[in-house]
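Residues per chain are reported as follows:
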Amino acid sequence: MGAKSEPTATRVAYGEALVELGEKHEDIVVLDADLSVSTQTAKFGKAFPDRFFNCGAAEANMMSMACGLAATGKRPYASTFAIFATGRAYDQVRLGIAHNELPVRIGASHGGVSLGEDGASHQMIEDIALMRAMPKMTVVVPADYNQAYRATLESYERDEPMYLRFGRPATPAVYDEIPETLGEGVDVLREGKDITLIATGHMVWRALEAAESLKREDGVDAEVLNVSIIKPLHSESILESIAKTGVVVTAEEHRVVGGLADAVRQVAAEQHPVPIFAVGMGDEFGVSGTGEACMEHFGLTARGIADRAREALLLKPIVSHPPLLGRDWT
Amino acid sequence: MVAAVEAAKAHPDPDALANLALVRHLHPVPDPRPPTKEAALGERAPSIAELERWATILRIECVRMLAVAKSGHLDSSLSAADIVSALYNRVLRHDPERPDWPERDRFVLCKGHAAPIQYAALAHHGYFPLEDLMGLRKIGEHLQGHPDMTRTPGVEVSTGSLGQGLSMCLGIALALRLDGLEDTAHVFGLLSDGDCQEGQTWEAVTAAAHYKVSNLTAIVDYNHLQTDGTTEEVMDLGDLRAKFESFGWDAVEIDGHDMEAIVEALERSRTLDRPAAIVAQTRKGRGVSAMEGRFGFHGKPPTPEQAEAALEELMAKLEEQTAALAATEGDS
Ligand SMILES: Cc1ncc(C[n+]2csc(CCOP(=O)(O)OP(=O)(O)O)c2C)c(N)n1
Ligand SMILES: [Mg+2]
């Protein structure tokens with residue numbers, strides 16, 4: 001294993017880390033549904049052909065096979081695009097994997113709109129919501145190659161069912177090294193006092209850029225959190241930061257319904273209500289274009305995050321010192 | 001059972017109490033013990049007549065369970081009783097003392113809604129106490145409406161969503177192959193008409209042929225009745241045997257209530273070098289004449305009157321079978 005400093009796709013880390021895991025652990029098996037070059041599991045398949053099952057374009061069968069393999073002592077990694085892993089095979093994942101609490105890892109690549117040209121039929125923007133809603137399922141979205149490598153290695157050490165979301169495009173490094181652990185799944189990447197930017201996956205490096213521009217153009221000190229484990233969400237880390245800054249912008253390449261925004265809002269609404277603005281997909285499907293063009297189209301950019309932050313900052317003094325409405329009784 | 005009885009008493013419900021009274025006076029089924037695992041391993045394989053008698057006992061348990069639970073799928077369970085009896089009492093290599101024995105054969109009830117028939121077999125083999133059967137579908141009890149591997153000993157994987165079971169069986173078969181047990185441990189999946197209507201089953205059939213698994217048998221409980229009518233009306237499955245064969249499986253068709261044919265087909269299936277399908281022509285509700293082969297009972301528990309009539313018929317059958325067995329034992 002070696003850290004990467006140049007932009008690299010998170011799915012590449014998944015494929016390479018699987019090979020490392022395969023060398024160490026006999027009980028790992030990998031399944032794919034005719035997308036092994038895209039999901040990068042072909043590397044494992046080449047190294048360990050006996051433990052690689054290409055199921056063809058039959059995702060439901062693949063997920064239930066993974067259930068059977070895990071029920072018989074194996075540690076399966078089942079891979080396809082995020083759209084098919086969660087959309088086509090939801091019921092299979094639910095009953096066979098989550099309900100049985102089996103150690104199956106769903107390695108879903110091509111999450112979000114950044115897969116680009118294939119368009120709406122392939123751009124999965126509600127997978128985090130589906131997997132978050134599913135009991136017993138852990139949801140992991142790494143930010144870059146280095147963290148994705150660790151996430152894959154670490155998944156072997158855990159016992160619960162896991163959904164791992166990877167992306168198609170090369171994405172800039174956020175971590176200099178392969179981090180030693182995902183920890184609780186929330187890392188403070190930059191400290192600040194004025195506003196908290198909470199991002200996941202491909203939006204993390206964009207949030208860091210947004211923080212730079214807020215500093216440069218507005219003199220605002222933004223704190224940046226990377227959430228790599230969206231469920232279970234480590235609420236202490238989130239609350240600590242929002243108690244300090246009092247206002248939040250979340251950013252995800254996903255619907256704002258059911259994803260990171262809602263996860264953060266849920267915690268905050270009960271324990272420390274503050275204004276929380278979201279960057280993400282509204283009530284809309286993806287479109288064709290290059291990955292970067294699609295991100296731009298939906299405002300999933302550093303600029304998009306910074307603009308939302310400026311709006312949120314406008315609200316902050318009002319919410320912290322609510323104006324008196326109606327008659328003054330004093 | 002205790003919890004169920006207490007619950008019934010705590011909330012007097014005339015139906016539940018009547019049903020309970022109905023099934024309790026029959027307990028226990030007049031039989032010593034199910035054939036031991038050694039018997040199943042061949043030391044003293046139970047005879048065809050004994051297996052038939054066991055099928056009747058399993059049917060009786062199903063009627064009782066459903067009468068008390070007042071919920072569940074009775075005719076679906078009865079349809080599969082002969083196949084399940086043959087499996088648990090003779091064909092499967094299993095050991096209730098060690099449900100996790102790695103080399104055991106695996107049985108998966110793909111048609112999970114027929115859970116009572118599997119529960120009856122598991123209880124009679126000592127996977128859990130017979131009394132537990134009366135807790136079927138009750139809050140706080142382990143016998144869920146559909147088989148649940150996380151709660152019930154002897155259940156290999158959870159089922160209940162049609163179409164998933166055969167894929168799960170294939171996963172198990174491949175894991176056994178990786179562990180070098182392909183020639184030792186066999187996987188038997190019991191499918192229904194509905195399972196065969198689900199596209200996923202044919203994904204699994206395709207994949208099993210592709211991987212050339214030799215330790216997988218799919219038995220189809222082809223009773224031609226589903227929730228909304230006959231399969232011919234709702235969604236005709238046609239010649240299932242030919243379909244399996246055309247996918248590269250070994251496939252035979254048998255009468256699913258002919259015990260000799262069932263045992264022969266099951267035992268033959270484990271000797272093959274490719275996946276095996278046994279299309280068993282069955283009659284839904286088999287053994288209870290008011291239900292047998294008739295539409296309108298799917299997912300409906302028996303009324304107290306229906307349960308009483310069913311038990312009377314089945315008990316008479318059991319007595320007849322017991323007497324015949326005693327006579328042949330006397331002969332030898
Ligand atoms: C995926 C799925 N769809 C629908 C159901 C609801 N359902 C339960 S049993 C059944 C059909 C029962 O008929 P059949 O499959 O022929 O079973 P059997 O006759 O052996 O009872 C259906 C549609 C289900 N359990 N799973
Ligand atoms: Mg049927």
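Quick caveat, the model's predicted, so the values are computed rather than measured. (Residues numbered from 1 in each chain as written. Chains lettered and ligands numbered in written order. Predicted model: local features only at pLDDT ≥ 70, side-chain atom pairs only at ≥ 80, totals over all residues.)

### A short note on the overall build of chain B
Spelled out, the test is: Strands are runs of DSSP state E lasting at least two residues, helices are runs of H or I lasting at least four, and both sets are numbered from the N terminus onward. Buried, partly exposed and exposed are defined by the number of other C-beta atoms within 10 Å of a residue's own C-beta, namely 20 or more, between the two limits, and 12 or fewer respectively, with C-beta atoms placed from the backbone. This entry defines residue contacts through backbone-placed C-beta atoms, with two residues in contact when those atoms are within 7 Å.
Counting secondary structure elements, chain B contains 14 helices and seven strands. A burial count over chain B gives 52% of its 332 residues as buried. Here the analysis covers contacts within chain B between residues at least 6 apart in sequence; of these, 77% occur between residues at least 24 apart.

### Section: the overall build of chain A
Rule in force here: Taken over C-alpha atoms, the radius of gyration is set against a globule rule of 2.2 Å times the number of residues to the power 0.38.
In terms of helices and strands, chain A carries 13 helices and twelve strands. Computed over its C-alpha atoms, the radius of gyration of chain A comes to 20 Å, within 12% of the 20 Å expected for a compact globule of 330 residues. Each principal axis of the C-alpha distribution contributes one length, and for chain A these read about 75 × 40 × 35 Å. Of all 330 residues assigned to chain A, the portion counted as buried reaches 58%. Restricting to contacts in chain A with at least 6 residues of sequence separation, those with at least 24 account for 79%.

### Things to note about the interface of chain B and chain A
How we decide: Polarity classes work like this: nonpolar for Ala, Val, Leu, Ile, Met, Phe, Trp, Tyr, Cys and Pro, charged for Asp, Glu, Lys and Arg, and polar for all others, with Gly in that last group.
Counting residues at the interface gives 22 residues for chain B and 23 residues for chain A. If you list the elements that add at least two residues to the side of chain B that touches chain A, you get helix 8 (165-178) and helix 10 (199-210) of chain B. A per-element tally of the side of chain B that touches chain A places helix 8 of chain B first, with ten residues. Taken together, the residues of the side of chain B that touches chain A break down into twelve nonpolar, eight polar and two charged.

### Thoughts on the sheet that holds strand 3 (residues 216-222) of chain B
All names here are of chain B. Put simply, the rule is: Strand pairing is assigned whenever DSSP detects at least two bridges linking the two strands. In this analysis an axis means a line fitted to C-alpha atoms, helices contributing only their contacting stretch, and an angle means the value between N-to-C directions, from 0 to 180 degrees.
What the five strands build is an open sheet, ordered 1-2-3-7-6; its pairing is parallel. The open sheet has two edge strands, strand 1 (106-108) and strand 6 (250-255), and neither has a second partner. Put simply, the sheet's adjacent strands are angled 20° from each other on average, direction ignored. The sheet contacts of helix 13 (residues 259-269) involve strand 3, strand 6 and strand 7 (276-281), and relative to strand 6 the element is tilted by about 165°.

### Examining unusual backbone geometry
Cis geometry is found at the peptide bond from K231 of chain A to P232 of chain A, where omega equals -5°. With respect to the helices and strands, P232 of chain A occurs in the loop between strand 10 (229-231) and helix 10 (235-245). Located in the positive-phi region is E101 of chain A, a residue other than glycine, with phi close to 50°. Tracing the sequence through the fold places E101 of chain A in the loop between helix 6 (90-99) and strand 4 (105-109). Despite not being glycine, H224 of chain B shows a phi value in the positive range, around 60°. Counting through the fold element by element, H224 of chain B comes out in the loop between strand 3 and strand 4 (225-226). A tally of 18 C-beta atoms within 10 Å means that H224 of chain B is categorised as partly exposed.

### Digging into helix 11 (residues 260-271) of chain A
Put simply, the rule is: To estimate the expected span of a helix, subtract one from its residue number and multiply by 1.5 Å.
Over its twelve residues, helix 11 of chain A extends 17 Å from the first C-alpha to the last, a length consistent with the 16 Å expected when each residue adds 1.5 Å. Buried within helix 11 of chain A are the following residues: L260, A261, D262, A263 and V264 of chain A.

### Topic: the site of ligand 1
Residues and elements named next belong to chain B. Rules: Near residues are defined by distance alone, with the backbone-placed C-beta atom required to lie within 6 Å of the molecule or strand.
Neighbouring ligand 1 are 19 residues, the closest being S76, S192, D193, G194 and Q226. If you list the elements that add at least two residues to the shell around ligand 1, you get helix 5 (74-79), helix 9 (193-197) and strand 4. Tallied by class, the residues present in the shell around ligand 1 amount to two nonpolar, 13 polar and four charged.

### Structural notes on the sheet that holds strand 11 (residues 248-255) of chain A
Residues and elements named next belong to chain A. With mixed pairing, the five strands of this open sheet are ordered in space as 7-9-8-11-12. Looking along the sheet, the strands with just one partner apiece sit at the ends: strand 7 (186-190) and strand 12 (276-281). Direction aside, the axes of adjacent strands within the sheet are offset by 25° on average. Direction of pairing for strand 8 (residues 195-199) relative to strand 11: parallel, over a ladder of four bridges.

### Description of the packing of helix 6 (residues 81-91) of chain B against helix 7 (residues 115-124) of chain B
Residue and element names in this part refer to chain B. In plain terms, the rule: If an angle is under 35 degrees, it is roughly parallel; if it is over 145, roughly antiparallel; if it lies from 65 to 115, roughly perpendicular; otherwise it is oblique. For any helix crossing, the convention is left-handed if the near helix is rotated counterclockwise from the far helix by under a right angle, and right-handed if that rotation is clockwise.
Between helix 6 and helix 7, the shortest axis-to-axis distance is 10 Å and the interhelical angle comes to 30°. Judged on the interaxial angle alone, helix 7 and helix 6 are roughly parallel. Where helix 6 crosses over helix 7, the two elements pack in a sense that is right-handed. Of helix 7, the residues touching helix 6 (which contributes A81, V84 and Y88) are I117, Q118 and A121. Residues belonging to the contact of helix 6 with helix 7 are distributed by class as follows: five nonpolar, one polar and no charged.

### Let's talk about the nonpolar core
When a protein is soluble and globular, its nonpolar side chains tend to lie buried together. Our working definition: Defined on buried residues, the nonpolar core groups Ala, Val, Leu, Ile, Met, Phe, Trp, Tyr and Cys residues joined through C-beta atoms within 7 Å. Note: domain ranges come from an automatic or database domain assignment.
Of all hydrophobic cores here, the largest spans 200 residues; its most connected members are A66, L197, A207 and A309 of chain A together with L170 of chain B. Top element by residues in this core is helix 4 (residues 48-69) of chain B. It accounts for 13 residues. Here this core spans two domains, and each of domain 1 (10-165) and domain 2 (186-320) of chain A adds at least three residues to it. When sequence neighbours within four positions are dropped, the list of residues in contact with L197 of chain A reads A207, A210, A211, A222, E223, V224, V249, A251, I305 and A309 of chain A.

### Focus: the environment of D262 of chain A
With respect to the secondary-structure elements, D262 of chain A resides in helix 11. Taking C-alpha positions, D262 of chain A is 16 Å from L225 of chain A, a pair spaced 37 residues apart along the chain.

### Let's talk about the confidence of the model for chain B
Residues and elements named next belong to chain B. To be explicit about the condition: Residue-level confidence of the predictor is what pLDDT reports, using numbers from 0 through 100.
Mean pLDDT over chain B: 89, with 86% of residues reaching 70 or higher. Scored below 50 in pLDDT, residues 1-5 makes 15 contacts in the model with residues more than four places away or belonging to other chains. Prediction confidence for the complex, expressed as pTM and ipTM, is 0.88 and 0.85 respectively.

### Remarks on the pairing of strand 6 (residues 162-165) of chain A
All names here are of chain A. Residues M162 and L164 point to one face of strand 6 and Y163 and R165 to the other, with burial holding for every one of them. Bridge analysis of strand 4 against strand 6 gives four bridges, and the strand direction is parallel. When the bridges of strand 6 are listed, R105 appears paired with M162. Where strand 5 (residues 138-140) meets strand 6, three bridges bridge the pair, whose relative direction is parallel.

### Observations concerning the environment of G192 of chain A
All names here are of chain A. Looking at where G192 falls in the secondary structure, it is placed in the loop between strand 7 and strand 8. Overall, G192 belongs to the partly exposed group, with 19 C-beta atoms counted inside 10 Å. Sequence separation of G192 and S36 is 156 residues, and the distance between their C-alpha atoms is 42 Å. What G192 contacts, discounting residues up to four positions off in sequence, is A211, D221, A222 and E223.

### Some points on the domain arrangement of chain A
Frequently, the measure chosen for interface size is the accessible area removed from exposure when the parts meet. Residues and elements named next belong to chain A. When its domains are assigned, chain A resolves into domain 1 (10-165) and domain 2 (186-320). Counting only elements with at least two residues in the side of domain 1 that touches domain 2, the list comes to helix 7 (127-133), strand 5 and helix 8 (145-157). The element that contributes the greatest number of residues to the side of domain 1 that touches domain 2 is helix 7, accounting for four residues. Residues of the side of domain 1 that touches domain 2, tallied by class, amount to 13 nonpolar, seven polar and five charged.

### Considering helix 13 of chain B
Residues and elements named next belong to chain B. Our working rule: The reported arc concerns the directions from the helix axis to the C-beta atoms and nothing else.
Looking only at helix 13, the buried set comprises M259, I262, V263, A265, L266 and S269. For helix 13, the buried positions fall inside an angular range of 165° around the axis, keeping them on one side. Buried residues belonging to helix 13 abut helix 4, helix 6, strand 3, strand 6 and strand 7.

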